[in-house]
Amino acid sequence: MEKQRLISSYDEINDTFVGKIDGRNGYNANYGISEGVFLNIDENNLPTSVFVNNASEVFDVPKKCLESANVKISIDCNENCLSFSMFVENSEICSLKCSNDFGIPTLEYLIDCNI
């Protein structure tokens, strides 16, 4: 499993969550992997960031929860399936799976604010 440092931010007014891999800038494609959850990938088809619009509704958590600095995101992918999980304060707030129609290679990422 590859570990990366996560830089996360939550905008309470606009209810948007952004999680970015430290040191990665920009993206080549943006894919909706679930209602309101978007995964940005680079030219090598590797994840660079996550954007969630209406985050408190999508994750069904209070806005205060999303203000935490202790966030982890797990992205596991193979040729058929992409799994995405998000944890705040070590509690899972999101777990989803979708078909890997994005060309993302087989990978296991743990993106963590505490690395």
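One can find the structure itself at the top, above this paragraph.
Residues numbered from 1 in each chain as written. Predicted model: local features only at pLDDT ≥ 70, side-chain atom pairs only at ≥ 80, totals over all residues. Heavy atoms only, no water.

Novice: I'm lost on the overall build of the protein chain in this one. Help?
Specialist: What the protein chain contains, in helices and strands, is 2 helices and 9 strands. In the protein chain, the order of α-helices and β-strands from amino to carboxyl end is β-β-β-β-β-α-α-β-β-β-β. The C-alpha radius of gyration computed for the protein chain amounts to 13 Å, which stays within 12% of the reference 13 Å derived for 115 residues, consistent with globular compactness. For the protein chain, the C-alpha atoms occupy an extent of roughly 35 × 30 × 25 Å along the three principal directions. Residues classed as buried in the protein chain amount to 46% of the 115 residues present. Looking at the protein chain alone, contacts between residues at least 24 apart form 50% of all its contacts between residues at least 6 apart. Carbon and sulfur atoms make up 43% of the accessible area of the protein chain, which totals about 6100 Å². Here the protein chain carries 8 positive and 18 negative side-chain charges, and the mean point of each set is 7 Å from the other. (Helix = DSSP H or I, 4+ residues; strand = E, 2+ residues; numbered from the N terminus. Rg over C-alpha atoms; globule rule 2.2 N^0.38 Å. Buried < 20%, exposed > 50% of the residue type's maximum accessible area, 1.4 Å probe, protein only. Contact = heavy atoms within 4.5 Å. Areas by Shrake-Rupley, 256 points an atom, 1.4 Å probe, with all protein chains shown as cover. Lys, Arg positive; Asp, Glu negative; His and termini not counted. Charge placed at Lys NZ, Arg CZ, Asp CG, Glu CD.)

Novice: Can you help me understand the pattern of salt bridges in this one?
Specialist: Think of it this way: side chains of opposite charge can pair up when their charged atoms draw near. For the structure shown, the criterion picks out 2 salt bridges. Residues Asp22 and Arg5 are paired through a salt bridge, measuring 4.0 Å at the closest nitrogen-oxygen approach. Of this pair, Asp22 sits in the loop between strand E2 (16-21) and strand E3 (29-34) while Arg5 is found in strand E1 (residues 2-11), placing the two residues 17 residues apart along the sequence. For Glu67, the salt bridge identified is with Lys64, shortest N-O distance 3.6 Å. (Salt bridge = Lys/Arg side-chain N within 4 Å of Asp/Glu carboxyl O.)

Novice: What should I look at first to understand the packing of aromatic side chains in this one?
Specialist: For any pair of aromatic rings, the description consists of the separation of the ring centres together with the inter-plane angle of the planes. Under the defined criterion, the tally for this structure stands at 2 aromatic pairs. Ring plane angle 45° and centroid distance 6.4 Å describe the contact between Phe38 and Phe51, whose orientation is recorded as tilted. Taken together, the residues span a long stretch of sequence, with Phe38 in strand E4 (residues 37-41) and Phe51 in strand E5 (residues 47-53) at a distance of 13 residues. (Phe/Tyr/Trp six-rings, centres within 6.5 Å; stacked < 30°, edge-to-face > 60°.)

Novice: Got a minute to help me understand the pairing of strand E8 (residues 91-99) in this structure?
Specialist: Each regular strand displays side chains that alternate between the two surfaces of the sheet. Note: strand E7 (residues 81-88) against E8, 8 bridges, orientation antiparallel. Bridging across to E8, Cys81 finds its partner in Ser99. Joining the antiparallel neighbours E7 and E8 is a turn of 2 residues, in which Glu89 adopts a positive phi near 55°. (Pairing = 2+ DSSP bridges.)

Novice: What should I look at first to understand the nonpolar core in this one?
Specialist: Nonpolar side chains tend to gather and get buried jointly when the protein is soluble and globular. Core analysis: the largest hydrophobic core is formed by 33 residues, its most contacted members being Ile33, Phe59, Ile73, Leu82, Phe84 and Met86. Discounting chain neighbours no more than four positions away, the residues touching Leu82 are Ile33, Leu39, Asp76, Cys77, Leu96, Lys97, Cys98, Asn100, Phe102 and Ile104. (Core = buried A, V, L, I, M, F, W, Y, C linked by side-chain atoms within 4.5 Å.)

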